[in-house]
Amino acid sequence: MTHALSGALLARATAGKDAPARSIPRRIAAGFFACAAPDLDFVAGFAGPVSYLVNHRGVTHSLILLPLWAFALSWVLAKILREPWRALYGVTAMAIGAHIAGDVITSYGTMILAPFSDWRAGIGTTFIIDLWFSGIIVIGLLASAIYWKTRVPAVAALAVLVGYVGFQYTQREQALEFGQRHAWPGSRVDVQPRPVTPFNWTVFVSDDEKHEFAHVNLVRREARPYSPGDGFIARVDSPYLPLNQAIWVRRTRYGEVDAERTREAWNAPVMAPFRWFAELPAFDGTNGRCMWFVDLRFLTPGREGMPFRYGACREGGDWMLLAP
């Protein structure tokens, strides 16, 4: 929905000053639907969790294929909105581009050069669900509805949105600097944005054997207390501690026991899709024949369970891939 609303805001902001009044709602509708369209690749999930992992944010999110998708969408929307496809092509292309940009600022990774490369771009400034980001868009649209004769509210909201992402980038740099102070020779520092506020981050220091991470708030002076009944927002916000109270937790890539078998499972051919995807892989336990792994990018305190949890399971002499 955030993608769709951002497309509507962009469509209003880029409408010509002399555009006929009747065409503006149709232009906004085109931006709304076009900006949501790349996520139609969710259908890959019907083929199984591995297919989703490999194909999500792939060809439908490609800058190379953007002109083709814009043509196809503008042609379809022209039939629905009763506007010439050429009049919709520009806003459709911009809306798809806005969707891609909105995904690139998250940490998941977006294959912007598909199908010629599976490299995944990701700046990692913004959590996948950012209420401040979405709120700026909603306020801009509401103001545009009230002051419908001018595009100024939409342009102003887009400017604030870009400024907000820029502010998040500065916070990311501060989180990286904090991680560097904990790093050891040969280690790598990574940071992941977390929900509720742009000051919440999970900081990772990793090498080829282990990760150490801490959930921190960059400006908090005192820990936020939490009691059952305080609500969902308090529950997901309270784990982030002031920098001087950071608690570092260790997770290994191959476990503490039977690491040789865990390495064998991790390097099994069936795990190739998850090895390609996971940037912060960690061992997540065993239940006999299966060795489970997760990507710590998606470890969010206060959230039940971990997405993208995959297991390599021994069947006879071969390994098979299992996902919940």
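Rules used throughout
- Residues numbered from 1 in each chain as written.
- Predicted model: local features only at pLDDT ≥ 70, side-chain atom pairs only at ≥ 80, totals over all residues.
- Heavy atoms only, no water.
- Helix = DSSP H or I, 4+ residues; strand = E, 2+ residues; numbered from the N terminus.
- pLDDT = per-residue confidence, 0-100.
- Pairing = 2+ DSSP bridges.
- Axes fitted to C-alpha atoms, helices over the stretch in contact; angles between N-to-C directions.
- Disulfide = S-S within 2.5 Å.
- Expected span 1.5 Å × (residues − 1).
- Buried < 20%, exposed > 50% of the residue type's maximum accessible area, 1.4 Å probe, protein only.
- Polar contact = N/O pair within 3.5 Å; in protein donor to acceptor, adjacent residues only side chain to side chain.
- Contact = heavy atoms within 4.5 Å.

We now examine the environment of D318. Of note, D318 is situated in strand β9 (residues 318-322). A C-alpha to C-alpha distance of 53 Å links D318 and R221, two positions 97 residues apart in sequence.

Next up on the list: the confidence of the model for the protein chain. When pLDDT is averaged across the protein chain, the result is 92; 100% of the residues are at 70 or more. Within the protein chain, the lowest mean pLDDT, 87, falls on β9, and the highest, 98, falls on strand β2 (residues 200-206).

As summarised here, the arrangement of the four strands in space is β6-β7-β8-β9, forming an open sheet in which the pairing is antiparallel. Taken across any chain shown, the strands that pair with only one partner, and hence form the sheet edges, are β6 (281-286) and β9. Looking at each pair of strands side by side, their axes are set apart by 30° on average, direction ignored. Pairing of strand β8 (residues 310-315) with β9 involves five bridges; the strand directions are antiparallel. Opposite E315, over in β9, you have D318 as the bridge partner.

The omega torsion across A114 and P115 is 5°, close enough to zero to call that bond cis. Its place among the elements puts P115 in the loop between α5 (85-104) and α6 (131-146). Here the phi dihedral of R57 falls at roughly 60°; this positive angle occurs in a residue that is not glycine. Summarising the element assignment, R57 is placed in the loop between α3 (49-55) and α4 (66-81). A positive phi angle, close to 85°, is found at V196, a residue other than glycine. Turning to its location among the elements, V196 is positioned in the loop between β1 (188-193) and β2.

Summed over the entire model, instances satisfying the criterion amount to one disulfide. For C290, the disulfide goes to C313, at an S-S distance of 2.0 Å. On the sign convention where negative is left-handed, the bridge of C290 and C313, at about 110° about the S-S bond, is right-handed. Taken together, the positions of C290 in strand β7 (residues 290-295) and C313 in strand β8 put the pair 23 residues apart, joining distant regions of the chain.

Moving on to α5. With 20 residues, α5 should reach 28 Å at 1.5 Å per residue; the first-to-last C-alpha distance of 28 Å fits that figure. Among the residues of α5, L88, V91, T92, A93, A95, I96, H99, I100, G102, D103 and V104 are the ones counted as buried.

Residue placement: G16 occurs in the loop between α1 (2-13) and α2 (23-36). Taking C-alpha positions, G16 is 8.8 Å from R151, a pair spaced 135 residues apart along the chain.

Positionally, Q168 belongs in helix α7 (residues 152-182). A distance of 2.7 Å separates polar atoms of two side chains, one belonging to Q168 and the other to T126. With sequence-adjacent residues up to four places away left out, Q168 is seen in contact with T125, T126, D130, P198 and W201.

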